[in-house]
Amino acid sequence: MKFKYVLGLFLLLQTTFAQKVEENQNQFIVTGSVELKEVADQAVVSFRIKGVGASLRQAVESAGSKTKELTDKIIGLGVKSKNISTSEFFSGENYGDKSFLSSNRDYRALIETSIKIDSLKLLQSIIFTISEAEVEYLSQINFSFKDELGLRRRARIEAGLKAKEKAEDIAKALGATIGKVLFVEEILQNQPLSNNIAIRGARAYPNPFNPSTNSFESNSFDETRGSGFFAQTISVTSQVRVIFEIK
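Quick summary incoming for the structure in this document. Given the structure is predicted, the values throughout are model-derived calculations rather than measurements. (Residues numbered from 1 in each chain as written. Predicted model: local features only at pLDDT ≥ 70, side-chain atom pairs only at ≥ 80, totals over all residues. Heavy atoms only, no water.)

1. Side note on the packing of helix H2 (residues 56-76) against helix H3 (residues 123-132)
For the pair H2 and H3, interaxial distance at closest approach is 10 Å and the crossing angle is 160°. On the basis of their axis angle, the class for H2 and H3 is roughly antiparallel. In this structure, H2 crosses over H3, and the sense of that crossing is right-handed. Here H2 contributes Leu 70, Lys 73 and Ile 74 to the contact with H3, which in turn contributes Ile 126, Thr 129 and Ile 130. A breakdown of the residues in the contact of H2 with H3 according to their chemical character gives 4 nonpolar, 1 polar and 1 charged. (Axes fitted to C-alpha atoms, helices over the stretch in contact; angles between N-to-C directions. Helix = DSSP H or I, 4+ residues; strand = E, 2+ residues; numbered from the N terminus. Parallel < 35°, antiparallel > 145°, perpendicular 65-115°, else oblique. Left-handed = near helix turned anticlockwise from the far one by under 90°. Contact = heavy atoms within 4.5 Å. Nonpolar A, V, L, I, M, F, W, Y, C, P; charged D, E, K, R; others polar.)

So, in C-alpha coordinates, the structure goes:
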(Lines give C-alpha, C1' and ligand atoms only; values in the text may rest on other atoms or scores of the structure.)
Protein backbone atom coordinates (compact mmCIF):
# COMPACT_ATOMS: atom_id res chain seq x y z
CA MET A 1 0.00 0.00 0.00
CA LYS A 2 2.80 2.37 0.90
CA PHE A 3 4.65 1.53 -2.32
CA LYS A 4 1.57 2.34 -4.43
CA TYR A 5 1.22 5.69 -2.62
CA VAL A 6 4.85 6.64 -3.31
CA LEU A 7 4.55 5.50 -6.92
CA GLY A 8 1.38 7.53 -7.40
CA LEU A 9 3.01 10.63 -5.90
CA PHE A 10 6.04 10.19 -8.17
CA LEU A 11 3.88 9.90 -11.29
CA LEU A 12 1.90 12.99 -10.25
CA LEU A 13 5.07 15.06 -9.76
CA GLN A 14 6.50 13.80 -13.04
CA THR A 15 3.33 14.76 -14.90
CA THR A 16 3.27 18.21 -13.29
CA PHE A 17 6.92 18.79 -14.14
CA ALA A 18 6.36 17.70 -17.74
CA GLN A 19 3.41 20.08 -18.05
CA LYS A 20 5.47 22.96 -16.61
CA VAL A 21 8.31 22.30 -19.03
CA GLU A 22 5.80 22.25 -21.88
CA GLU A 23 4.30 25.53 -20.70
CA ASN A 24 7.73 27.18 -20.63
CA GLN A 25 8.74 25.97 -24.07
CA ASN A 26 7.11 28.93 -25.80
CA GLN A 27 8.56 31.59 -23.53
CA PHE A 28 11.44 33.96 -24.13
CA ILE A 29 13.10 35.70 -21.15
CA VAL A 30 15.23 38.85 -21.50
CA THR A 31 16.43 41.72 -19.33
CA GLY A 32 16.61 45.35 -20.30
CA SER A 33 19.05 47.76 -18.62
CA VAL A 34 19.64 51.47 -19.12
CA GLU A 35 21.59 54.26 -17.45
CA LEU A 36 20.41 57.85 -17.86
CA LYS A 37 22.62 60.82 -17.04
CA GLU A 38 21.71 64.42 -16.30
CA VAL A 39 23.74 67.37 -15.13
CA ALA A 40 22.93 68.27 -11.51
CA ASP A 41 20.72 71.34 -11.24
CA GLN A 42 20.56 71.87 -7.48
CA ALA A 43 22.74 71.44 -4.41
CA VAL A 44 22.56 71.47 -0.63
CA VAL A 45 25.30 72.74 1.66
CA SER A 46 25.29 73.43 5.39
CA PHE A 47 27.47 75.34 7.82
CA ARG A 48 27.81 75.52 11.60
CA ILE A 49 28.45 78.65 13.64
CA LYS A 50 29.55 78.76 17.27
CA GLY A 51 28.67 81.38 19.85
CA VAL A 52 30.06 81.69 23.38
CA GLY A 53 29.09 83.71 26.42
CA ALA A 54 29.06 84.02 30.19
CA SER A 55 25.55 82.55 30.22
CA LEU A 56 23.69 80.10 28.06
CA ARG A 57 21.47 82.89 26.75
CA GLN A 58 24.44 85.01 25.71
CA ALA A 59 25.96 82.04 23.86
CA VAL A 60 22.71 81.39 21.98
CA GLU A 61 22.30 85.08 21.13
CA SER A 62 25.88 85.24 19.87
CA ALA A 63 25.46 82.20 17.61
CA GLY A 64 22.10 83.45 16.40
CA SER A 65 23.46 86.90 15.58
CA LYS A 66 26.39 85.49 13.61
CA THR A 67 24.12 83.07 11.76
CA LYS A 68 21.67 85.82 10.81
CA GLU A 69 24.46 88.05 9.58
CA LEU A 70 25.73 85.29 7.29
CA THR A 71 22.31 84.17 6.05
CA ASP A 72 21.42 87.78 5.21
CA LYS A 73 24.49 87.91 2.97
CA ILE A 74 23.48 84.63 1.33
CA ILE A 75 19.95 85.90 0.71
CA GLY A 76 21.53 88.99 -0.82
CA LEU A 77 23.24 86.72 -3.34
CA GLY A 78 19.87 85.50 -4.59
CA VAL A 79 18.97 82.51 -2.38
CA LYS A 80 15.33 82.45 -1.32
CA SER A 81 14.73 82.68 2.42
CA LYS A 82 12.49 79.59 2.29
CA ASN A 83 15.52 77.57 1.15
CA ILE A 84 17.43 78.37 4.35
CA SER A 85 16.64 76.43 7.51
CA THR A 86 18.17 75.45 10.84
CA SER A 87 19.10 71.78 10.63
CA GLU A 88 20.71 71.33 14.06
CA PHE A 89 21.05 73.21 17.34
CA PHE A 90 23.15 72.47 20.42
CA SER A 91 23.89 74.45 23.56
CA GLY A 92 25.61 73.73 26.85
CA GLU A 93 28.72 74.29 28.89
CA ASN A 94 31.85 75.14 26.91
CA TYR A 95 34.46 72.50 27.66
CA GLY A 96 36.68 73.07 24.64
CA ASP A 97 38.14 76.57 24.89
CA LYS A 98 36.84 77.95 28.15
CA SER A 99 38.86 80.82 29.61
CA PHE A 100 40.47 80.27 33.03
CA LEU A 101 40.71 83.99 33.75
CA SER A 102 37.21 84.99 32.67
CA SER A 103 33.67 83.63 32.59
CA ASN A 104 32.79 85.12 29.20
CA ARG A 105 33.35 81.77 27.46
CA ASP A 106 31.73 79.44 29.99
CA TYR A 107 28.87 78.44 27.66
CA ARG A 108 28.58 77.70 23.98
CA ALA A 109 25.86 77.31 21.36
CA LEU A 110 26.13 75.70 17.93
CA ILE A 111 23.67 76.46 15.15
CA GLU A 112 23.84 74.48 11.93
CA THR A 113 22.11 75.99 8.90
CA SER A 114 21.18 74.16 5.72
CA ILE A 115 20.96 75.94 2.36
CA LYS A 116 19.21 74.56 -0.69
CA ILE A 117 20.67 76.10 -3.85
CA ASP A 118 18.35 75.69 -6.84
CA SER A 119 20.50 77.84 -9.13
CA LEU A 120 24.02 76.46 -9.37
CA LYS A 121 25.38 79.67 -10.84
CA LEU A 122 25.16 81.01 -7.25
CA LEU A 123 27.08 78.11 -5.74
CA GLN A 124 30.60 79.48 -6.00
CA SER A 125 29.65 82.86 -4.54
CA ILE A 126 27.83 81.17 -1.68
CA ILE A 127 30.79 78.93 -0.84
CA PHE A 128 33.15 81.91 -0.86
CA THR A 129 30.80 83.92 1.36
CA ILE A 130 30.53 81.10 3.90
CA SER A 131 34.30 80.56 3.85
CA GLU A 132 35.00 84.21 4.59
CA ALA A 133 32.76 84.01 7.67
CA GLU A 134 35.19 81.55 9.36
CA VAL A 135 32.43 79.16 10.32
CA GLU A 136 33.10 76.18 12.57
CA TYR A 137 32.15 73.68 9.88
CA LEU A 138 31.24 73.64 6.19
CA SER A 139 29.65 70.46 4.90
CA GLN A 140 30.24 68.67 1.65
CA ILE A 141 28.27 69.88 -1.35
CA ASN A 142 25.47 67.44 -2.10
CA PHE A 143 24.39 67.69 -5.74
CA SER A 144 21.07 66.32 -6.99
CA PHE A 145 18.53 66.57 -9.80
CA LYS A 146 15.24 68.42 -9.29
CA ASP A 147 13.02 66.14 -11.35
CA GLU A 148 14.19 62.92 -9.71
CA LEU A 149 10.86 61.12 -10.15
CA GLY A 150 10.72 62.08 -13.81
CA LEU A 151 14.25 60.81 -14.42
CA ARG A 152 13.52 57.48 -12.72
CA ARG A 153 10.30 57.14 -14.73
CA ARG A 154 12.16 57.74 -17.98
CA ALA A 155 14.71 55.11 -16.98
CA ARG A 156 12.01 52.51 -16.29
CA ILE A 157 10.31 53.18 -19.62
CA GLU A 158 13.57 52.95 -21.56
CA ALA A 159 14.54 49.76 -19.74
CA GLY A 160 11.26 48.19 -20.86
CA LEU A 161 11.82 49.35 -24.45
CA LYS A 162 15.37 48.01 -24.32
CA ALA A 163 14.08 44.58 -23.22
CA LYS A 164 11.62 44.54 -26.13
CA GLU A 165 14.31 45.61 -28.59
CA LYS A 166 16.64 42.88 -27.34
CA ALA A 167 13.93 40.24 -27.58
CA GLU A 168 13.04 41.26 -31.15
CA ASP A 169 16.69 41.23 -32.25
CA ILE A 170 17.37 37.77 -30.84
CA ALA A 171 14.08 36.35 -32.10
CA LYS A 172 14.75 37.67 -35.60
CA ALA A 173 18.22 36.13 -35.60
CA LEU A 174 16.72 32.77 -34.63
CA GLY A 175 13.83 32.94 -37.05
CA ALA A 176 11.21 33.30 -34.37
CA THR A 177 8.54 35.88 -33.57
CA ILE A 178 7.79 37.24 -30.13
CA GLY A 179 4.23 37.66 -28.97
CA LYS A 180 2.55 39.24 -25.98
CA VAL A 181 4.21 40.03 -22.66
CA LEU A 182 3.60 37.29 -20.09
CA PHE A 183 5.52 38.64 -17.11
CA VAL A 184 7.40 41.80 -16.10
CA GLU A 185 9.65 42.24 -13.07
CA GLU A 186 11.51 45.40 -12.09
CA ILE A 187 14.90 44.58 -10.62
CA LEU A 188 15.31 47.04 -7.79
CA GLN A 189 18.65 48.72 -7.30
CA ASN A 190 19.53 50.61 -4.14
CA GLN A 191 21.00 53.67 -5.77
CA PRO A 192 20.79 57.15 -4.26
CA LEU A 193 20.25 59.85 -6.84
CA SER A 194 22.85 62.34 -5.71
CA ASN A 195 26.51 63.19 -5.94
CA ASN A 196 28.70 65.21 -3.67
CA ILE A 197 31.96 67.07 -3.27
CA ALA A 198 33.76 67.12 0.05
CA ILE A 199 35.47 70.38 0.91
CA ARG A 200 38.97 69.90 2.25
CA GLY A 201 39.96 72.08 5.17
CA ALA A 202 36.32 72.56 6.15
CA ARG A 203 37.14 72.80 9.84
CA ALA A 204 37.44 76.45 10.90
CA TYR A 205 38.76 77.70 7.54
CA PRO A 206 36.98 76.06 4.58
CA ASN A 207 38.94 75.91 1.36
CA PRO A 208 36.66 75.74 -1.70
CA PHE A 209 39.64 76.01 -4.05
CA ASN A 210 40.76 72.47 -3.32
CA PRO A 211 37.76 70.11 -3.57
CA SER A 212 37.96 66.33 -3.68
CA THR A 213 35.31 64.30 -5.43
CA ASN A 214 33.38 61.84 -3.28
CA SER A 215 30.86 60.18 -5.56
CA PHE A 216 28.92 56.94 -5.88
CA GLU A 217 30.25 54.38 -8.35
CA SER A 218 27.17 54.69 -10.55
CA ASN A 219 27.67 58.43 -10.97
CA SER A 220 30.20 59.73 -13.45
CA PHE A 221 32.44 62.75 -13.94
CA ASP A 222 31.72 64.36 -17.29
CA GLU A 223 34.72 66.44 -18.32
CA THR A 224 32.80 68.02 -21.19
CA ARG A 225 30.62 69.86 -18.71
CA GLY A 226 33.41 72.00 -17.27
CA SER A 227 35.41 71.84 -14.08
CA GLY A 228 35.19 72.60 -10.37
CA PHE A 229 31.79 72.61 -8.72
CA PHE A 230 29.86 72.38 -11.98
CA ALA A 231 31.18 69.13 -13.44
CA GLN A 232 28.84 66.83 -11.53
CA THR A 233 26.77 64.37 -13.56
CA ILE A 234 23.89 62.52 -11.90
CA SER A 235 23.03 59.06 -13.22
CA VAL A 236 20.20 56.63 -12.54
CA THR A 237 19.93 53.04 -13.74
CA SER A 238 16.92 50.80 -14.26
CA GLN A 239 16.64 47.11 -15.09
CA VAL A 240 13.61 44.96 -15.89
CA ARG A 241 13.11 41.27 -16.58
CA VAL A 242 10.46 40.47 -19.17
CA ILE A 243 9.01 37.16 -20.33
CA PHE A 244 7.56 37.20 -23.87
CA GLU A 245 5.45 34.60 -25.60
CA ILE A 246 7.05 32.96 -28.64
CA LYS A 247 4.53 32.59 -31.45
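2. A few points about the pairing of strand S11 (residues 232-246)
Where strand S1 (residues 27-39) meets S11, 13 bridges bridge the pair, whose relative direction is antiparallel. Bridge pairing in S11 links Glu 38 to Ile 234. Note: strand S7 (residues 178-187) against S11, 7 bridges, orientation antiparallel. Following the sheet pairing, Ile 187 is matched in S11 by Gln 239. (Pairing = 2+ DSSP bridges.)

3. Some thoughts on the side chain of Asn 83
Summarising the element assignment, Asn 83 is placed in the loop between H2 and strand S3 (84-93). Engagement of the side chain of Asn 83 in a polar contact is seen with the side chain of Asp 118, the distance being 3.4 Å. When sequence neighbours within four positions are dropped, the list of residues in contact with Asn 83 reads Ser 114, Ile 115, Lys 116 and Asp 118. (Polar contact = N/O pair within 3.5 Å; in protein donor to acceptor, adjacent residues only side chain to side chain.)

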